[in-house]
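# What the coordinates show
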Amino acid sequence: MTKSALITGITGQDGPYLAKLLLQKGYAVHGLIARRGTDTLWRLRELGIENDVTLINGDLLDLSSLIRAMQLSKADEVYNLAAQSFVATSWEQPILTAQVTGTSVANVLEAVRIVNPQAHFYQASTSEMFGLIQAEQQDETTPFYPRSPYGVAKLYGHWLTINYRESFQLHASSGILFNHESPLRGIEFVTRKVTDAVARIKQGKQKELRLGNVDSKRDWGFAGDYVQAMWLMLQQETPDDYVIATGRTTTVRDMCEIAFRHVGLNYQDYLVIDPKFYRPAEVDVLLGNPAKAKQKLGWEASTTLEELITMMVDADMRRVEKA
Ligand code: NAP
Ligand code: G4F
């Protein structure tokens, strides 16, 4: 029997990588799409799967559209990836972020519970929930201390997922994923902002790179590796929560150095610190401990930061050349 999956957020960074993985495994893949009049399908096109997935119109804020999506897709597995996911925006739109990233998780869980409570459910939780870190290396037992409206909203979704598991015995799992990047990363996030700037500077189309806090540290992995962990969680007999990370942390500054060096440039000649990009409250450092995922899921990151950043620079060099 062909398995069916429903992915919310199929037009984001992770959605297309997950869709491709599921298609390779023989799933019928459905994606919820909130039509906004812009070209949101470019990532599916880049992975060559635009015509292989079934798109269903809907919005996380609209429970009826989620019920309809569950009915149409007959999903056995539901991956809730949709969110307002840019941390900086969450201070400018805290209420929208609370609704889309936070309370909408109740809509998705309700749609699952009403239409097919046997379906396995994945919630895209985040290392942002650790915020002001309470342990040097964060794992599933580390207390949360979110530092942004986004982190607070995600914490609601995380606990609701656990609550529905305990209240209704749903197979609901939560992946606490640390930062993961790829050539499909949105341009507003720091890695892609850097790799795009490197390509433009190298090709004479940009003169400088303006960034905020370059001393903050992140545990960066490759999105293509991380979607495998999502799938593995839903194949387990019992639902659970897992930290997904590389176990290595690097400053934004050192990440810049890797990106510029790849095209033979020195980042110090182009980097301008611009307080406009500082955040009202910062997450200074994130470093995950993925031991549980390794032990229980057999998962570990297989792409180094150097491989990831050079892959992203190469993709942006090609894009800028073509433009
Ligand atoms: P992303 O690129 O920002 O994608 C977000 C997706 O959500 C897009 O497809 C977007 O659609 C959709 N969306 C936004 N509002 C919606 C609404 N009201 N109804 C339906 N769809 C809506 O995020 P990502 O990097 O792929 O991350 C996937 C998930 O993992 C997110 O929940 C994120 O918060 C979480 N996460 C990400 C990371 C990371 O490092 N990437 C780490 C931990 C957790 P449009 O294309 O139409 O805008
Ligand atoms: O790339 P970022 O915007 O990612 P951030 O805030 O860590 O959030 C991402 O990862 C989370 C997982 O931990 C996800 F849940 C979330 O959805 C998102 O995918 O910023 C990374 C760091 C921050 O410390 C930021 O202050 O880079 C710093 N930074 C410095 N200058 C900048 C800039 N970030 C951005 N976006 N733009 C800058 O100019």
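Residues numbered from 1 in each chain as written. Chains lettered and ligands numbered in written order. Predicted model: local features only at pLDDT ≥ 70, side-chain atom pairs only at ≥ 80, totals over all residues. Heavy atoms only, no water.

### Re the site of ligand 2
Taken together, 24 residues lie around ligand 2, and T126, S127, Y150, R279 and E282 are the ones closest in. E188 places a main-chain nitrogen or oxygen 2.8 Å from a nitrogen atom of ligand 2. One of the side-chain N or O atoms of R279 is found 2.5 Å from an oxygen atom in ligand 2. Considering ligand 2 on its own, with 710 Å² of exposed area, one finds that the protein chains cover 96% of that surface. Where the shell around ligand 2 is concerned, the elements lending two or more residues are α7 (190-202) and β8 (209-211). Residue composition of the shell around ligand 2, by class: nine nonpolar, seven polar and eight charged. Residues lining the shell around ligand 2 come from more than one domain, with at least three contributed by each of domain 1 (4-180 + 221-244) and domain 2 (186-218 + 248-286 + 302-322). (Near = heavy atom within 4 Å. Polar contact = N/O pair within 3.5 Å; in protein donor to acceptor, adjacent residues only side chain to side chain. Areas by Shrake-Rupley, 256 points an atom, 1.4 Å probe, with all protein chains shown as cover. Helix = DSSP H or I, 4+ residues; strand = E, 2+ residues; numbered from the N terminus. Nonpolar A, V, L, I, M, F, W, Y, C, P; charged D, E, K, R; others polar. Domains from an automatic or database assignment.)

### Considerations on the sheet that holds strand β11 (residues 241-244)
The seven strands are arranged β3-β2-β1-β4-β5-β6-β11 in an open sheet whose pairing can be described as parallel. Two strands in the sheet have a free side with no partner beyond their single neighbour: β3 (54-57) and β11. On average, each strand axis in the sheet is inclined to that of its neighbour by 20 degrees, with strand direction left out of account. Relative to β11, strand β6 (residues 171-177) runs parallel, the two being bridged by four bridges. Residue pairing across strands places I176 opposite V243, the latter belonging to β11. Contacts between helix α3 (residues 63-73) and the sheet are confined to β1 (4-8), β2 (28-33), β3 and β4 (77-80), with β3 contributing the most and set at about 155 degrees to the helix. (Pairing = 2+ DSSP bridges. Axes fitted to C-alpha atoms, helices over the stretch in contact; angles between N-to-C directions. Contact = heavy atoms within 4.5 Å.)

### Here we look at helix α6 (residues 149-168)
For α6, spanning 20 residues, the distance from its first C-alpha to its last is 28 Å, which sits close to the expected 28 Å at 1.5 Å a residue. Restricting attention to buried positions, one finds in α6 the residues Y150, G151, A153, K154, L155, G157, H158, L160, T161, I162, Y164 and R165. Against the buried residues of α6 lie α4 (89-92), α5 (94-115), β5 (120-126), β6 and β11. (Expected span 1.5 Å × (residues − 1). Buried < 20%, exposed > 50% of the residue type's maximum accessible area, 1.4 Å probe, protein only.)

### As for the packing of α3 against α5
Packing of α3 against α5 leaves a shortest axis separation of 9 Å and a crossing angle of 45 degrees. Taken as axis vectors, α3 and α5 run oblique relative to one another. For the pair α3 and α5, the crossing hand works out as right-handed. Across the interface between the two elements, L63, L66, I67, M70 and Q71 from α3 touch N107, V108, E110, A111, V112, I114 and V115 from α5. (Parallel < 35°, antiparallel > 145°, perpendicular 65-115°, else oblique. Left-handed = near helix turned anticlockwise from the far one by under 90°.)

### Quick word on the domain arrangement of the chain
Structurally, the chain comprises domain 1 (4-180 + 221-244) and domain 2 (186-218 + 248-286 + 302-322). Between domain 1 and domain 2, the C-alpha centre-to-centre distance is 26 Å. Between domain 1 and domain 2 the total buried area reaches about 1600 Å² when both faces are included, carbon and sulfur atoms providing 59% of it. Taken together, the links from domain 1 to domain 2 amount to one salt bridge. Among the ionic pairs, R319 bridges to E46, the shortest N-O distance being 3.1 Å. Mapped onto the side of domain 1 that touches domain 2, the elements with two or more residues apiece are α2 (42-46) and β10 (221-222). Of all the elements, α2 adds the most residues to the side of domain 1 that touches domain 2, at three residues. Here the side of domain 1 that touches domain 2 is composed, by residue class, of nine nonpolar, six polar and five charged. (Buried area = accessible area lost by both parts, 1.4 Å probe. Salt bridge = Lys/Arg side-chain N within 4 Å of Asp/Glu carboxyl O.)

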